[in-house]
Amino acid sequence: MPERVISIERKWSWKRFFLQWEWLLVLIFIVVNIVNSSLSPYYLSLSTFLTAPMSFLDIAFLVLPMTFVIILGNIDISVGSTVALSAVVMAVSFNAGLPMPLAVLLCLAVATTCGLLNGVLMVAFKELSSVIITLATMIIYRGVAYVILQDQASGKFPKWYSTFGWGNVAGIPVIIIVFAICALIFGLVLHMTSFGRKIYGMGNNLIASRYSGIKTNSIVIIVFTVTGLMAGFTALFLSSRMGSTRPNVAQGYELTAIAMTVLGGVSTSGGKGRLIGPVLAVFIIGFLTYGLGLVNIPAQVLLIITGLLLVVSVLVLNVRFGSRHQRPVVARAQPAQKGERPDE
Amino acid sequence: MRKIITVMTMIAVIMVIALPVALFAGGGTEQGGGSQPAASQKYAIVFKNTGNPYGDKQMGGFKDGIEEQGYQAILRAPDQPTAEAQIQIIQQLIAQKVASICIVGNDYDALQPVLQQAMAQGIKVFSLDSAVNPASRMTHVNQADSEKIGQTLIEAAYDMAGGSGEIAILSATSQASNQNLWISYMKKELEKPKYANLKLVKIAYGDDIRDKSVSEAQGLLQSFPNLKVIIAPTTVGIAAAGKVLTDKGLQGKVFLTGLGLPSEMATYIENGVCPYMFLWNPIDVGYLGAYTATALVSGKITGKVGDKFKAGRLGDYTVVKAADGGTEILLGPPFKFDKGNIEEWKSVY
Amino acid sequence: MSDTKPAIADTKRVSRSTERFREVGLLAFIVVICVLVQIRNHNFLTLTNIQDLLANTAILGILAVGMMMVILTRGIDLSIGATIALSGMVSALTVKAIPTMPPIVSILEGMLVGLAVGAIIGVTVARFNVLPIIATLGFMNVFRGLTYLISGGAWVSSYQMSAGFQRIATGSIFGVGNLIIIAVVIYVGYAYFIRHTKTGRQIYAVGSNPEAADVSGLPRKRIVWLVYAVMGTLAGLAGVLWVAKFASAQSDTATGYELSVIAATVLGGVSISGGSGTVSGLILGTILLGILNNALPLINVSPFAQQFIQGVVILAAVLTNVLVKRNSQRIALRKRAI
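Keep in mind that this is a model prediction, so the values were computed, not measured. (Residues numbered from 1 in each chain as written. Chains lettered and ligands numbered in written order. Predicted model: local features only at pLDDT ≥ 70, side-chain atom pairs only at ≥ 80, totals over all residues. Heavy atoms only, no water.)

When helices and strands are tallied, chain B shows 11 helices and 15 strands. The 349 residues of chain B split such that 59% are buried. Put simply, 67% of the contacts in chain B that link residues at least 6 apart link residues at least 24 apart. Summed over its atoms, the accessible surface of chain B is roughly 12800 Å², and 56% of this surface lies on carbon and sulfur atoms. (Helix = DSSP H or I, 4+ residues; strand = E, 2+ residues; numbered from the N terminus. Buried < 20%, exposed > 50% of the residue type's maximum accessible area, 1.4 Å probe, protein only. Contact = heavy atoms within 4.5 Å. Areas by Shrake-Rupley, 256 points an atom, 1.4 Å probe, with all protein chains shown as cover.)

In structure tokens form, the structure reads like this:
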């Protein structure tokens with residue numbers, strides 16, 4: 001009987017490669033830019049591509065860890081409140097005499113702690129879903145911010161601090177550089193490390209992962225802590241852009257971040273998605289909003305457009321690829337050695 | 001290996017698309033330097049949020065004033081009343097190279113960096129209604145003297161309470177700069193010996209959200225059974241309090257005054273819950289803003305104390321010193337709405 | 001063979017007592033809070049205040065019913081705030097234009113608008129398999145924008161609403177407010193529906209294990225569509241009641257209200273992962289949230305601490321529930337020890 005090696009890999013196909021969701025996002029991105037530039041003569045300029053990102057990239061910092069969280073099958077709606085709380089603590093401590101660099105570190109520390117608390121609660125109370133835990137912490141964190149700062153604004157940061165939000169390095173805004181670095185790091189971790197693979201595994205089947213020896217508790221805590229840290233980044237850039245902060249900043253950021261992540265092809269049922277998707281989605285929504293704003297589209301029409309964009313794109317995604325259809329987890333079958341039967 | 005190829009290809013394609021676009025655009029930008037022809041000069045106003053008829057009337061007045069002078073008006077408002085949203089809008093206006101920006105601020109300080117950037121590009125910036133800090137603006141158009149508003153409201157409360165009793169304030173959000181300014185003047189006014197028997201028991205915040213304002217109003221009535229007057233210097237708050245008082249049948253026992261829209265308050269003025277209240281004509285405020293804008297752009301005024309200019313059908317105005325260290329232009333005294341005139345005003349705004 | 005019977009009877013008793021335990025925890029929590037608030041402010045447990053509380057919570061309760069059905073099927077609906085605004089604005093505009101419209105027609109009109117909204121969302125989720133959180137997030141924006149457009153940004157004020165319309169909310173029958181009556185009727189109907197009708201049980205099944213439901217021949221897609229349609233209808237009803245209650249229709253009505261509804265539902269023990277939840281728990285969760293909203297202005301804490309207190313109470317209530325449930329499960333397991 002001649003040996004047959006049954007490969008369980010799918011054959012490479014250019015068509016299937018380019019029909020991936022992420023390529024569709026690239027296509028949408030191009031279309032958005034074409035539409036924007038035909039609508040307004042002010043759109044196509046270097047300054048647009050450099051200054052427009054400044055407004056939407058602070059949410060982008062939240063999208064990166066949110067991708068991890070959603071692939072895990074969880075959700076985190078407390079990020080906006082974490083941003084507010086850490087920004088408020090930083091501003092208040094600076095105005096109480098703490099040197100600015102230390103205040104910045106304090107901001108990151110507070111944000112990380114908020115994330116850590118989320119993670120610990122999730123691990124300690126597994127019966128509770130992430131929705132209810134982060135809902136409660138969302139209210140609590142912002143509540144603390146209100147208790148601290150009440151109805152005041154706090155700010156008057158030193159001049160050098162505004163370079164975070166407004167400054168350039170060799171013509172490229174600081175925020176773009178920092179975001180690019182972060183995106184690169186997150187992408188590498190997700191796709192090239194075993195940590196990333198474990199996250200996919202947990203998203204696909206949490207119980208199986210736990211029994212396979214993956215330390216699910218530590219991974220959940222790490223992911224939520226990192227989410228907190230990135231919320232701290234957002235707080236830094238936001239407060240730098242505004243020059244001051246209040247307890248009510250960053251409201252609604254969590255829903256926008258989730259929308260961008262899901263638009264990027266990351267399914268909320270967990271276990272699917274790649275980092276490049278949400279990054280593209282961030283730019284799509286960001287430039288769309290900016291471009292339409294250049295022709296002074298009223299805010300309510302913009303609301304309808306972004307809402308429809310979200311629904312239609314996911315609809316198309318589902319119709320094309322089927323909602324429960326997963327790209328099969330491809331196991332590399334070892335080519336059988338000559339003389340060996342495959343099932344031995 | 002395949003994954004790396006996938007990722008690299010994607011990055012390469014993105015760069016291939018993005019780079020030429022940016023380069024091409026960089027070369028083809030019209031610099032737009034020098035002055036533009038008058039008809040295409042654009043004047044922008046940015047309100048606090050959409051869906052607010054008071055704001056719509058204000059922007060409408062602004063538009064009338066600008067178009068009366070032959071220019072183009074841009075009316076913008078974010079769908080959420082936040083400072084971040086206004087920053088984005090202002091950045092878009094800067095990119096459109098507008099001649100001037102009139103801002104109704106959601107936050108006193110947070111807009112400073114972006115407005116300073118606008119001013120650095122030669123755009124004339126001034127605030128209207130809800131001020132921004134003096135460093136962010138050339139001047140401020142105020143609908144009425146803030147101190148006078150505080151005085152008038154306390155006088156009204158004194159009158160309605162019959163000289164003595166407990167009063168409470170139902171405000172909007174705790175960070176609205178105009179609210180806080182008026183409240184501080186009200187507190188200052190209460191220190192006068194004339195009002196020694198008037199006691200301010202609580203300042204409640206309804207956040208300009210209808211159901212929260214109702215809960216807060218009900219809470220005031222529950223916690224302070226001897227309450228005589230509620231002062232609500234916010235359109236949502238005063239209407240909510242009016243409904244609560246009407247539903248509980250408290251007309252004649254607890255009185256209501258403050259700043260409200262005639263359309264929203266018509267029912268409650270007619271049934272006596274609110275004997276009288278105040279506001280000003282937002283259309284006129286916007287209109288005055290329009291003429292302030294053109295005066296600033298044409299260089300007629302620079303926003304310093306003593307500058308004079310003519311504002312169309314409203315007449316002559318002079319720039320005066322403002323309480324916060326900057327300058328302002330006052331529209332006039334607050335207007336009183338009562339049973340006598342509510343009928344004619346309720347359909348206007 | 002003979003010892004399976006007692007074992008099955010055991011588990012039935014155990015599961016019923018577990019559920020009762022869960023609610024007892026919540027009930028105790030509510031009692032404790034009421035006592036604490038009453039100590040701070042003696043006007044809390046007065047008839048007028050309780051009536052205010054119930055009237056304010058009635059709308060929340062009606063929405064919680066719909067949200068519970070949606071969450072039971074493992075879904076979520078973030079668009080109800082926008083639906084309330086849309087149906088409220090539509091009915092208010094109609095009453096403004098036709099002041100002689102009988103109130104019952106306004107209510108039906110609002111429910112129809114809500115039904116249309118819910119049906120669209122239902123189709124998107126059930127037929128096109130779009131995830132509920134995405135679909136409702138997207139449509140939330142669409143319907144909110146639509147509300148702005150049809151109203152032109154203008155509000156409808158109380159003088160433009162007929163007295164009959166406003167009396168929908170302020171009127172009362174035998175001294176009990178209309179809102180409370182409507183809410184009670186809906187709850188009674190819902191309790192019967194979800195426990196004692198075939199469709200009601202099917203909703204639990206679909207949420208508990210969608211694949212098994214599909215395979216067993218349950219009309220899963222139709223049921224999912226149904227829950228969103230019902231949620232939409234209830235939100236439409238709530239919109240009319242809201243606008244009548246506050247005598248004002250704005251385009252930003254009920255922004256963010258969906259979070260309160262979700263909080264009330266989850267507080268009541270409805271599991272986000274679907275398939276479990278009781279009506280009594282729902283009532284308790286809604287009442288707890290209503291108490292929070294009512295009591296906070298009464299106790300003299302700084303208004304800035306209000307949000308913090310709300311969050312802590314919600315977290316405490318939820319964690320207490322979990323701990324109580326764990327305890328009862330441990331007791332149950334011990335009972336079954338062989």
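All right, on to the sheet that holds strand E6 (residues 165–171) of chain B then. All names here are of chain B. If you trace the four strands from one edge of the open sheet to the other, you get E7-E6-E8-E9, paired in parallel fashion. Strands at the two margins of the open sheet, each flanked by one partner only, are strand E7 (198–205) and strand E9 (255–258). Averaged over all pairs of adjacent strands, the angle between their axes in this sheet comes to 25 degrees, without regard to strand direction. Taken together, the four bridges between E6 and strand E8 (residues 227–232) define a ladder with parallel strand orientation. Note on E8: the bridge partner recorded for Ala 168 is Ile 230. The strands touched by helix H8 (residues 235–247) within the sheet are E6, E8 and E9, with E9 carrying the most contacts at an inclination of about 170 degrees. (Pairing = 2+ DSSP bridges. Axes fitted to C-alpha atoms, helices over the stretch in contact; angles between N-to-C directions.)

What follows deals with the interface of chain C and chain B. Listed as interface residues are 36 residues of chain C and, on the opposing side, 35 residues of chain B. Summing both partners gives a buried area of about 2700 Å² for chain C against chain B, and 48% of it is carried by carbon and sulfur. When the buried area of chain C at its contact with chain B is split by residue, Trp155(C), Tyr159(C) and Phe246(C) rank highest and sum to 25% of it. At the boundary of chain C with chain B, the tally comes to one salt bridge. Between Lys248(B) and Asp52(C) there is a salt bridge, and its shortest N-O distance comes to 2.7 Å. Here chain C is connected to chain B by 12 residue pairs in polar contact (both at pLDDT 80 or more). (Buried area = accessible area lost by both parts, 1.4 Å probe. Salt bridge = Lys/Arg side-chain N within 4 Å of Asp/Glu carboxyl O. Polar contact = N/O pair within 3.5 Å; in protein donor to acceptor, adjacent residues only side chain to side chain.)

Next up on the list: the side chain of Glu84(B). Counting through the fold element by element, Glu84(B) comes out in helix H3 (residues 83–95). One buried charge, Glu84(B), has no salt-bridge partner; the nearest side chain with opposite charge is Arg241(A), at 7.3 Å. Contact partners of Glu84(B), with chain neighbours within four places excluded, come to Leu238(A), Met242(A), Val249(A), Ala250(A), Gln251(A) and Tyr253(A). (Lys, Arg positive; Asp, Glu negative; His and termini not counted.)

This next bit is on the packing of helix H11 (residues 216–242) of chain A against H3(B). For the pair H11(A) and H3(B), the least separation of the axes is 11 Å and the interaxial angle reads 65 degrees. Considering only the axes of H11(A) and H3(B), their crossing is left-handed. Each of Leu238(A), Arg241(A) and Met242(A) in H11(A) lies in contact with H3(B), whose residues at this interface are Ala83(B), Glu84(B), Ile87(B) and Gln91(B). (Left-handed = near helix turned anticlockwise from the far one by under 90°.)

Turning to the sheet that holds strand E5 (residues 140–142) of chain B, a few remarks are in order. Residue and element names in this part refer to chain B. Spatially, E2-E1-E3-E4-E5-E14-E13 is the arrangement adopted by the seven strands of the open sheet, whose pairing is mixed. The sheet is open, and its two borders are formed by strand E2 (72–76) and strand E13 (320–321), each paired with just one other strand. Bridge analysis of strand E3 (residues 100–103) against strand E4 (residues 124–128) gives four bridges, and the strand direction is parallel. The residue of E4 that forms the bridge with Ser 100 is Lys 124.

All names here are of chain B. For chain B, per-residue confidence averages 83 on the pLDDT scale, and 88% of positions sit at 70 or higher. Confidence scores differ between elements of chain B, with helix H1 (residues 2–28) showing the lowest mean pLDDT of 49 and E3 the highest of 94. Here residues 19–39 scores under 50 on pLDDT; set against residues more than four positions off or in separate chains, the count is 22 contacts. (pLDDT = per-residue confidence, 0-100.)

Summed over all chains, the structure comprises 24 aromatic pairs over all chains. Judged by centre distance (5.8 Å) and plane angle (85 degrees), the rings of Phe56(A) and Phe283(A) are edge-to-face. With Phe56(A) in helix H3 (residues 46–71) and Phe283(A) in helix H13 (residues 276–294), this pair connects stretches of sequence that are 227 residues apart. An aromatic cluster is present here, built from Phe29(A), Phe56(A), Phe61(A), Phe179(A), Phe233(A), Phe237(A), Phe283(A) and Phe287(A) joined pairwise through their rings. Above the ring of Tyr287(B), the side-chain terminus of Arg313(B) is found at 4.1 Å from the ring centroid. (Phe/Tyr/Trp six-rings, centres within 6.5 Å; stacked < 30°, edge-to-face > 60°. Lys NZ or Arg CZ within 6 Å of the ring centre and 35° of its normal.)

Turning to the side chain of Arg274(A), a few remarks are in order. Residues and elements named next belong to chain A. For Arg 274, the position within the fold is in the loop between helix H12 (253–263) and H13. Arg 274 gets classed as buried once you look at its relative accessible area, which sits at 14%. Looking at Arg 274, its side chain comes within polar contact range of the side chain of Glu 22, at 3.3 Å.

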